[in-house]
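Structure assessment
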Amino acid sequence: MRPLPRLEILTEELLGNRLGAGVYRRWVRDLGLAGTERVLEVGCGAGACARHLAEALPCGSLTCLDVDARWLAVARRRLASHDNVGFVCADIAQWQQPGAFDAVVVHFVLHDIPAENRRAALEGIIRSLAPGGRLLLREPTGHGMSGAELDALLGGAGFAPVDARQLERVPLMGDTVSGRWALA
Ligand SMILES: C[S@@+](CC[C@H](N)C(=O)[O-])C[C@H]1O[C@@H](n2cnc3c(N)ncnc32)[C@H](O)[C@@H]1O
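Quick look at the structure, then. (Residues numbered from 1 in each chain as written. Predicted model: local features only at pLDDT ≥ 70, side-chain atom pairs only at ≥ 80, totals over all residues.)

1. What about the overall build of the chain?
- If you tally the helices and strands in the chain, you get six helices and eight strands.
- Starting at the N terminus and ending at the C terminus, the chain contains elements arranged as α-α-β-α-β-α-β-β-α-β-α-β-β-β.
- The globule rule puts the C-alpha radius of gyration for 184 residues at 16 Å, and the 15 Å found for the chain is close to it.
- For the chain, buried positions account for 35% of its 184 residues.
- Nonlocal contacts in the chain, meaning residues at least 24 apart in sequence, comprise 67% of its contacts between residues at least 6 apart. (Helix = DSSP H or I, 4+ residues; strand = E, 2+ residues; numbered from the N terminus. Rg over C-alpha atoms; globule rule 2.2 N^0.38 Å. Buried ≥ 20, exposed ≤ 12 C-beta atoms within 10 Å, placed from the backbone. Contact = placed C-beta atoms within 7 Å.)

2. Some words on helix α4 (residues 69-78)
- Looking at α4, one finds that the buried residues are W71, L72, V74, A75 and R78. With its buried residues spanning 155° around the axis, α4 presents them on a single face. In α4, the exposed residues that point more than 90 degrees away from the buried face are A69 and R77.
- Of the surrounding secondary structure, the elements contacted by the buried residues of α4 are α1 (6-19), α3 (50-55), β2 (61-66) and β3 (85-89). (Arc of directions from axis to C-beta.)

3. Considering the site of the ligand
- Within the structure, the ligand sits among 21 residues, and G43, G45, V67, D68 and I92 are positioned closest to it.
- Its residues assigned to classes, the shell around the ligand shows 13 nonpolar, four polar and four charged. (Near = placed C-beta within 6 Å. Nonpolar A, V, L, I, M, F, W, Y, C, P; charged D, E, K, R; others polar.)

4. Side note on the nonpolar core
- By size, the foremost hydrophobic cluster in this structure holds 45 residues, and its most contacted members are A50, L53, A75, V104, V106 and I125.
- Broken down by element, the residue count for this core peaks at five residues, all from strand β4 (residues 101-107).
- Apart from residues lying up to four places away in sequence, A75 is in contact with C44, G45, A46, G47, A50, C64 and F87. (Core = buried A, V, L, I, M, F, W, Y, C linked by C-beta atoms within 7 Å.)

5. Notes on unusual backbone geometry
- The backbone of F108 sits at a positive phi, close to 60°, despite the residue not being glycine.
- As for its position among the elements, F108 is in the loop between β4 and α5 (115-128).
- Taking the C-beta count within 10 Å as the criterion, F108 has 20 such neighbours and is therefore assigned buried.
- Located in the positive-phi region is L172, a residue other than glycine, with phi close to 75°.
- Topologically, L172 is positioned in the loop between β7 (166-170) and β8 (174-183).

6. Re the pairing of strand β5 (residues 129-140)
- Burial runs high along β5: nine of the 12 residues are buried.
- Relative to β5, β4 is paired through six bridges, and the arrangement is parallel. By the bridge assignment, V105 is partnered in β5 with L136.
- Viewed along the sheet, the connection from β4 through α5 into β5 turns out right-handed.
- In this structure, β5 lies alongside β8, joined through seven bridges in antiparallel fashion. Each bridged residue has a counterpart across the sheet, and for R138 the counterpart in β8 is S178. (Pairing = 2+ DSSP bridges. Right-handed = clockwise from strand over helix to strand, strands pointing away.)

7. Here we look at the pairing of β4
- Extensive coverage of β4 is indicated by the burial of six of its seven residues.
- Of the strand pairs in this sheet, strand β1 (residues 38-42) and β4 are connected by four bridges, and their pairing is parallel. In the sheet register, L40 faces β4, and the bridge partner there is V104.

8. So, the environment of G43
- Looking at the secondary structure, you find G43 in the loop between β1 and α3.
- Among all residues touching G43, those that are not within four sequence positions of it are D66, V106 and V109.

9. Describing the environment of P131
- The topology assignment puts P131 in strand β5.
- In this structure the C-alpha to C-alpha distance between P131 and I9, which are 122 residues apart in sequence, comes to 37 Å.

Shown next, in the form of C-alpha cells:
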C-alpha cells in the first residue's frame with residue numbers, strides 16, 4: 001500500500017480536523033449519548049469525528065475501525081491522549097465482534113463503499129450491535145448515494161428511524177441526512 005500523500009494528510013487536518021471541527025462537534029453533541037455507551041465508529045478515517053466521540057464517552061468506550069491502516073494510524077496519533085479508545089484495522093463486512101456495541105456510528109462512509117458491497121457492510125454493523133442498539137449515521141445525499149437509496153438500504157436491512165431524520169447542508173459535503181436508527 002502506497003504511503004498517504006502528505007498533501008492529503010494536511011488537507012484532512014486543516015479542513016476536517018480544524019476548520020470542520022464545529023461540524024463534527026455539533027453532530028456528536030446532538031446524538032444524545034449518555035456517556036456510558038460502548039460505541040463502534042465504522043470508517044473512522046483520520047479520527048475527525050472520533051475525537052469528539054471520545055470526549056462524549058467519559059465513562060464509556062470507543063472502538064475506531066477502518067479498513068485503511070494509513071488513516072487509522074493518523075487517528076491513533078490524533079487520539080493518543082484518550083484512554084477510552086481502541087483501534088481496529090478491518091473491513092466491517094468481515095469483522096466479527098457480535099453484539100458488542102450499544103451504538104455504531106457511521107459518518108460519511110456508506111456513500112464511499114461500492115453499491116454492491118454496502119449490504120455486506122450493513123450486515124457487519126448489524127452483527128456488532130447489542131440487542132436494542134442504535135445506528136447513528138450521517139451521509140451526504142448528493143454524491144455516491146441518494147437519500148432514497150440510503151432509505152432503501154437501511155429499510156431493506158431491517159432498520160427503522162428512531163426519530164425524525166435531519167436534513168442539513170454541510171460545507172464541502174453538500175446536502176446530508178442524519179439520524180438514529182434501530183432494528184425494527
Ligand atoms: C470519507 S471517509 C470518512 C472518515 C470519517 N468518518 C469522517 O467523517 O471524517 C470514509 C472512511 O471509511 C473507510 N471505509 C470504507 N469502507 C470501509 C469498510 N468496508 N470497512 C471499514 N472502513 C471502511 C475508508 O477507509 C475511509 O477512511
